[in-house]
Structure formats: structure tokens, C-alpha cells
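Structural overview
Next come the chains, spelled out residue by residue.
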Amino acid sequence: MGNCCVAPNSSSKNKGKKKKKKPNPFALDYGATSGFGGGVKLIVLQNPTGRDISQRYDLGREVGRGEFGVTCLAIDVATGEKFACKSISKKKLRTAVDIEDVRREVEIMKHLPKHPNIVSLKDTFEDESAVHIVMELCEGGELFDRIVARGHYTERAAAVVMRTIVEVVETCHRHGVMHRDLKPENFLFANKKESAPLKAIDFGLSIFFKPGERFTEIVGSPYYMAPEVLKRNYGPEIDVWSAGVILYILLCGVPPFWADTEQGVAKAIIRCVIDFERDPWPKVSDDAKDLVKRMLDSDPNGRLTAQDVLEHPWLQDAKKAPNVPLGETVKARLKQFSVMNKLKKRALTVIAEHLSAEEVATIKEKFEIMDTNKKGKINLEELRVGVQKVGHQIPDADLQILMEAADVDGDGALNYGEFVAISVHLRKLANDEHLHKAFAFFDLNKSGYIEPEELRAALSGEDDSNSDEVINAIMHDVDTDKDGRISKEEFAAMMKAGTDWRKASRQYSRERFKSLSLNLIRDGSLQSTNEVR
């Protein structure tokens, strides 16, 4: 999620130590001010509350993690009140765009009015190593997790959630703010109570806009992108599209535009064919389907505005929407994606256990080279530098996803065991022997297939990961020939497939998007225009 941040380095540790400061080659881009001794000091915020956050808050356990670091619990030393502190490491801010994003995020949070469904800003601090944004604490968990935890899930519940999301969008648009990264992970419940309000928590990619102004920057997560974002010519209508994607997922458990590759997802978005045939759509009301269609209109000029959505009959009468359960299928699909990651991790662990002594020695040597601080842990920056040294070319967004997938204990770094798993992945599972051994771990009766009961046994102990609904959902996706079991070929395809849609990259690099755009132009999905540069 965008609630990110690297825990700040204590500046007090460096007192008394003289370090030669090197000029910052990006100083002009950063708009930094010159420091003492010819060095450059990066200044991000214009009017922070203060410099030393420890004077006012005690930073505690981690509560969230994102592209630029971690979010921690912050306790007001004077009152004992709990907040969330999003600390953004300046080392992660490599470009002028990164700096401006942070600066603008704070300005937008200050600009937006107090709203029951928008997380409130409390304080801001900036020291030599990080920017700290102190805001309202939301401890009720993510939107999808709450849905899965409930005993049943209905269309009426989806209507209540969607009304909240669109009210946030309407408030943003009315105050000249385009969110640009609406997705379920960016909405948290304030607390664990059933009546807890849902709150928008991340404005890291949001931007101010004026009526009629058009934008070209590619931001957001692939599955929630509007077609005009791919064409690099968009306005605030993209937020309604993203909310429409969330609504579709709320009602059926999967995104409307799905594929195994980013190019496939982009093609599906541009094609804009919405499936209302699969379960549970036959049970969904016509009003709900009508709203989905009108929010996912590929023509932004014909798409409903946020205010139009709020006035739609389905949301006007949200409390009268059908209260009939949509079925366990929807909840199982939402649960499936996290379980699929557990299945892959279990397989990678098996592979790691069967590595030869020579392979283990090679991996250990790489780990020690990358562990430059000799702490027995490798952080994201060390991993980035290390994979380049050993000849792997991996986009930053993919590396972040890989890091998150391997970081089982969630401490933001890889220990040796976690690094072994990621090393297996980096080798692209080229060694078929490793895959065979992993497959054999699941294939208990040695039939040459993984059957549902064997899958259930392998996932036992993983919360409710071995429930009938979840097992059936995984079988549905992995068992491509629909014979009720997983073959070696299907298992290999699953292990080599990309990340799931809930772990989509936060922001495309321009090079990555350009490559995708050119491929779409080449196969005729996109017309070659000035929109794609």
C-alpha cells in the first residue's frame, strides 16, 4: 500500500562524527538548498510542524509498508493518543518527481476538508534523513479482509461500501483533487468494530486539477487503470472508472479486466468487454449491473461523474439493495489470491530444501556480497544493487513485488532463508529437477497429479486456507484443462506466472509503459497517436 516508509535513522547517532559531504548531482532538480561545507541539504516540505519528531511522538511497531518505506504506530508523548506515522526516507527520493509527489501529498491532505471517510493529517516533521507524516490511525484492516472475515456478504453491503468510496471521490473532485490510485488497499477501516468507518488513507499519487485540464503521466495500478490513462490523455473521470472496477470486484470477487500479463490486462481494458454471465452475476440486481456499466464506460465523456453515481438509484436506495448473500464464491475468490501466494511460497521452500551443496554455497556467497552492512539482512536497496551486480535486469516495481513476496516475516528485509527463496525465483526455476521435487511434495500418492485433497493437506494450518471454497478457487485457476486435478505442466505454469492482481505495481516507469504502448500499437490494440510518446 502507499502507506510507506523507512524508519528514520537517528541523527543523534551521527553527532560528533565528521563525514565528507558529496555534492548532490540532482540538487537543481530537487530544489534543495546548499548546506554547510559545500554539501547539499535536501528540503522537501515547506512548513513542517517541526524537525525532531521524537520530541512529540514515540514511534512503535510497524503497521504498514509501501514503496518508500514503512508506516509505524506513533504515540503522542503528552496525551498517549495513537496515530500513524508515515516516514519517507530521503534516500528513496531519487528524482524531482519523487520529491514533488511527497510535497504534493502533504499539501493535498491539508487542502481537503475534514471528512469522516478521509484520513486526517495531524502533523508533519522533516529531519536530515526522512519526512514524517503523522495522521489518523486506522487499525480495522483492509476492505477485502473485512469482507472475507464476515459470515456472509450481500449486494447491500457492497452498496454501502461503494457509496462511501464515491463520496470520497466526489469530495476530492469538488475540491480540485484527482486521486489517481483508487484501489481496495487504499481504504482501511478505522477500527475493529463492525460499525467502524471506512477511510481513504493514501494520497501519494493524487494531484490538483482545474476544469478541462488534461494529464499524461502514467500512474496507478494496472487493473484499476482507465483506458484513457493508457492513452495518456485523461482527467478526473479516471477515478470513477477505478471505483467502478472496485464495485465489480465487490460484487463478484474478481476484476473485470484480467489477464496473466500487463499487456493482456491493457488489451482487456481497451477492449472493455464486461462479463455479467459468470456466477454470481445472475443473482445481482439490474440496478447494480447498470451502475457498473455506466461507471465502466470506455468513453470518459459518457461516463457518470461522481455526483451522478451518488444519484444513481442503486446508491440512492443503498439500504434497500438486495440483502441476499452473493454466495461463498465471492468471498473465496477474494481469499484465493493471498492463498495462491502461500502455495507458491510453500513450493519455493520445498525447492530451497532440495538445493545441492554447491547451489547453497553459491547463494550464500551472493547473500554475503549483497549484505553490505553485515547485519544478516538485505534491504530493498541492497537487493537492487546486488541483482544488477550478478547480471539480473529487473524493473524496480517488479523487484518491490518480489521483495514483498519473499519477506515472510514482514520486517522489510530478507534474511538468508528468505533470500534462498528469492534466489530460486531469480533463476526463473530453470532447473526442472527443482520443480519436480516441489511437485512431488504436493503429490502425496505419487499419481503424477495434485488432487484437491492433496492441496488441502499441503495448505493445512494456513488459517482457513484449506476451506472448500478456497481450494476450489485455486483449482479453477490452476487446473486449466478442467480434469479436476493439477498436472506437472499446470503446476509449472502456476509457479512461473506473474504476481496476482492484488499485488499490482504502484506506478509504471515511463520506459515500462512506453514498451507496453508500443506493443499495443504493434498489434493494433492502440492507435499510434501523439497520446503515446
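Structure: above.
Here we summarise the structure given alongside this text. What you are looking at is a predicted structure, and each value in this text was computed from that prediction instead of being measured.

1. So, the overall build of the protein
Scanning the protein from N- to C-terminus turns up 20 helices and 15 strands. Counting only residues that meet the buried cut, the protein has 51% of its 533 residues in that class. Within the protein, residue pairs in contact and separated by at least 24 positions form 70% of the contacts whose partners lie at least 6 positions apart. When the accessible surface of the protein is totalled, it reaches about 25000 Å², and 50% of it is carbon and sulfur.

2. As for the nonpolar core
Judged by nonpolar contacts, the single largest core of 80 residues is most densely connected at Leu143, Met162, Ile165, Leu250, Leu251, Met295 and Trp314. The element best represented in this core is helix α6 (residues 237-252), accounting for 12 residues. Taken domain by domain, the makeup of this core includes at least three residues from each of domain 1 (57-136) and domain 2 (141-342). Among residues more than four places away in sequence, those in contact with Ile165 are Leu143, Phe187, Leu198, Ala243 and Ile246. Membership of the second largest hydrophobic core comes to 18 residues, among which are Ala438, Ile471, Phe491 and Ala492.

3. Some thoughts on the pattern of salt bridges
Scanning the model with the defined rule gives 17 salt bridges in all. Arg174 is paired through a salt bridge with Glu170; the nearest N and O atoms lie 2.9 Å apart. Residue Arg174 and its partner Glu170 are both found in helix α4 (residues 155-174); the two are separated by 4 residues, about one turn of the helix. Judged by relative accessible area, Arg174 falls into the exposed class, the value being 53%.

4. Notes on the packing of aromatic side chains
Following the criterion strictly, the structure yields 11 aromatic pairs and no others. Measuring from ring centre to ring centre gives 5.6 Å for Phe439 and Phe491, while their planes differ by 70°; the resulting arrangement is edge-to-face. Of this pair, Phe439 sits in helix α16 (residues 432-442) while Phe491 sits in helix α19 (residues 488-496), and the two are 52 residues apart along the sequence. The two residues Phe439 and Phe491 agree in class, both being buried. Put simply, the rings of Phe439, Phe441, Phe442 and Phe491 touch in pairs and so form one group of aromatic residues.

5. Details of the packing of α4 against α6
α6 packs onto α4 with a crossing angle of 170° between their chain directions and a minimal axis gap of 10 Å. Put simply, α4 runs roughly antiparallel to α6. Taken together, the residues of α6 that come into contact with α4 (itself represented by Glu155, Ala158, Val161, Met162, Ile165, Val169 and His173) are Asp239, Ala243, Ile246, Leu247, Leu250 and Leu251. Class assignment of the residues belonging to the contact of α4 with α6 gives a composition of 10 nonpolar, 1 polar and 2 charged.

Rules used in this analysis
- Residues numbered from 1 in each chain as written.
- Predicted model: local features only at pLDDT ≥ 70, side-chain atom pairs only at ≥ 80, totals over all residues.
- Heavy atoms only, no water.
- Helix = DSSP H or I, 4+ residues; strand = E, 2+ residues; numbered from the N terminus.
- Buried < 20%, exposed > 50% of the residue type's maximum accessible area, 1.4 Å probe, protein only.
- Contact = heavy atoms within 4.5 Å.
- Areas by Shrake-Rupley, 256 points an atom, 1.4 Å probe, with all protein chains shown as cover.
- Core = buried A, V, L, I, M, F, W, Y, C linked by side-chain atoms within 4.5 Å.
- Domains from an automatic or database assignment.
- Salt bridge = Lys/Arg side-chain N within 4 Å of Asp/Glu carboxyl O.
- Phe/Tyr/Trp six-rings, centres within 6.5 Å; stacked < 30°, edge-to-face > 60°.
- Axes fitted to C-alpha atoms, helices over the stretch in contact; angles between N-to-C directions.
- Parallel < 35°, antiparallel > 145°, perpendicular 65-115°, else oblique.
- Nonpolar A, V, L, I, M, F, W, Y, C, P; charged D, E, K, R; others polar.

Everything listed here is a matter of geometry and, on its own, says nothing about what the molecule does.
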